[in-house]
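# Structure at a glance
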Amino acid sequence: MSSLLYIKASPRGPRSHSLAVAEAFLEEYLTLHPQDALITQDLFAMDLPPFDGLRLNAKYNILHGEPHNTAEQAAWQEVEALIRVFKGADKYVLATPMWNFSIPYRLKQYLDLIVQPTLTFGYSAEQGYFGLVTGKPLFIAAARGGQYPPGTPAAAADFQVPYLEFIFRFMGFTDIRVIKVEPTLEGGPEVAKAQREAAMAQARELARSF
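Remember, predicted model here, so these are calculated numbers, not experimental data. (Residues numbered from 1 in each chain as written. Predicted model: local features only at pLDDT ≥ 70, side-chain atom pairs only at ≥ 80, totals over all residues. Heavy atoms only, no water.)

## A closer look at the pairing of strand 3 (residues 91-97)
Heads up, the rule is: We call a residue buried when its accessible area falls under 20% of the maximum for its residue type, exposed when it is over 50%, and partly exposed in between, using a 1.4 Å probe and counting protein chains only. Runs of E in the DSSP output that reach at least two residues are strands. Runs of H or I that reach at least four are helices, and both are numbered from the N terminus. Whether two strands pair depends on DSSP finding at least two bridges between them.
Extensive coverage of strand 3 is indicated by the burial of 7 of its 7 residues. What you see with strand 3 is no split at all: K91, V93, A95 and P97 on one side and Y92, L94 and T96 on the other are buried throughout. Pairing analysis gives 5 bridges linking strand 1 (residues 3-8) to strand 3, with the strands arranged parallel. Paired with Y6 across the two strands is V93, which belongs to strand 3.

Here you go:
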């Protein structure tokens with residue numbers, strides 16, 4: 001039995017294109033793998049701890065080999081608990097829209113909390129930085145109001161998918177599969193509906209080999 005972590009980074013519920021695609025994927029996947037466990041983290045419903053001064057100090061203590069004080073240690077334990085859930089999964093599904101050409105602030109907060117030295121990445125003088133979350137697949141359902149085709153001027157404004165691929169690779173992921181739902185706004189509602197349905201069909205197909 002495998003565990004699958006579903007990270008929801010949209011607050012729009014059934015109106016969300018990214019959630020619709022991710023949940024089409026999950027429906028197909030769980031039909032094929034009914035024994036697997038699904039863990040859902042709704043980032044807009046969770047009480048995520050702030051990545052504030054205490055936690056930042058604790059991170060730099062680790063980087064510099066220094067001890068935590070009592071307050072830093074208590075704050076860092078919340079970070080470690082979140083990372084235990086993240087690292088405990090065998091497979092991952094992330095649903096996220098593009099906000100202002102990038103990602104929602106709650107997803108950025110989550111990533112700032114889990115991308116931590118000695119826990120999700122390491123460093124050595126010989127290797128440089130290396131990921132510690134390895135051998136696990138990730139599916140990203142990414143919705144965008146416009147279109148950002150590779151090799152076009154618009155692609156330079158895409159700070160959503162390239163960033164997500166980079167930061168997950170930084171943590172050690174190599175099997176990253178992305179389905180983009182675009183455009184969800186600029187083409188009007190009929191285009192958005194057609195793109196959503198096509199992406200959902202593609203997601204169901206992808207789930208069969210995940």
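## Regarding helix 6 (residues 189-207)
Stated precisely, the cut-off is as follows: Multiplying one less than the number of residues by 1.5 Å gives the expected span of a helix. To be clear, the arc concerns the directions from the helix axis to the C-beta atoms. Any two residues having at least one pair of non-hydrogen atoms within 4.5 Å are treated as being in contact.
The first and last C-alpha atoms of helix 6 sit 27 Å apart over 19 residues, in line with the 27 Å expected at 1.5 Å per residue. Of all the positions in helix 6, only A192, A199, M200, A203, L206 and A207 are classed as buried. Taken end-on, helix 6 shows its buried residues confined to a sector of 120°, consistent with a single buried face. Contact partners of the buried residues in helix 6: helix 1 (17-32), strand 6 (138-143) and strand 7 (176-181).

## Remarks on helix 1
If you check helix 1, its first and last C-alpha atoms are 23 Å apart, about what 16 residues at 1.5 Å a residue would give, namely 22 Å. Looking at helix 1, one finds that the buried residues are H17, S18, L19, A20, V21, A22, A24, F25, L26, E28 and Y29.

## A closer look at the sheet that holds strand 3
Which entries qualify depends on this criterion: Angles run from 0 to 180 degrees between N-to-C directions of axes, and those axes are lines fitted to C-alpha atoms, restricted for helices to the stretch in contact.
If you trace the 5 strands from one edge of the open sheet to the other, you get 2-1-3-6-7, paired in parallel fashion. Pairing within the sheet leaves two strands with one partner each, and these edge strands are strand 2 (37-42) and strand 7. Averaged over neighbouring strand pairs, the angle between their axes works out to 15° when direction is ignored. By the bridge criterion, 6 bridges tie strand 3 to strand 6 in an arrangement that is parallel. Bridging from a neighbouring strand, P97 pairs with A143 of strand 6. Its contacts with the sheet place helix 1 against strand 1, strand 2, strand 3, strand 6 and strand 7, and it is angled at close to 160° to strand 3. Running at roughly 165° to strand 7, helix 5 (residues 161-170) makes contact with strand 3, strand 6 and strand 7 of the sheet.

## A few points about the packing of helix 3 (residues 70-88) against helix 4 (residues 105-114)
Between two packed helices, the angle of one axis relative to the other and the distance separating the axes together describe the packing. Stated formally: In these notes the angle categories are as follows: under 35 degrees is roughly parallel, over 145 is roughly antiparallel, 65 to 115 is roughly perpendicular, and the rest is oblique. Amino acid classes used here: Ala, Val, Leu, Ile, Met, Phe, Trp, Tyr, Cys and Pro are nonpolar; Asp, Glu, Lys and Arg are charged; the rest, including Gly, are polar.
One way to put it is that helix 3 packs onto helix 4 with a least axis distance of 9 Å and a crossing angle of 100°. The angle between the axes of helix 3 and helix 4 places the two elements in the roughly perpendicular class. Of the residues in helix 4, those in contact with V79, L82, I83 and F86 of helix 3 are Y110, L113 and I114. Its residues assigned to classes, the contact of helix 3 with helix 4 shows 7 nonpolar, no polar and no charged.

## Details of the environment of P183
Take P183: it is sitting in the loop between strand 7 and helix 6. C-alpha separation for the pair P183 and A194, spaced 11 residues apart in sequence, amounts to 9.9 Å. If sequence neighbours within four positions are ignored, P183 has contacts with R144, G145, G146, Q147, V191, A192 and Q195.

## Points about the environment of I7
Checked against the element boundaries, I7 lands in strand 1. A relative accessible area of 1% means that I7 is categorised as buried. Along the backbone, I7 and Y92 are 85 residues apart, and their C-alpha atoms lie at a distance of 7.7 Å. Residues contacting I7, with those up to four places away along its chain left out, are Q41, L43, F86, V93, L94, A95 and Y110.

## What to know about unusual backbone geometry
Here E182 and P183 are connected by a cis peptide whose omega angle stands at -5°. Of note, F101 is a non-glycine position whose phi angle comes to about 70°, a positive value. Notably, T118 is not glycine yet its phi reads approximately 70°, a positive angle. Mapped onto the elements, T118 comes out in the loop between helix 4 and strand 4 (121-124).

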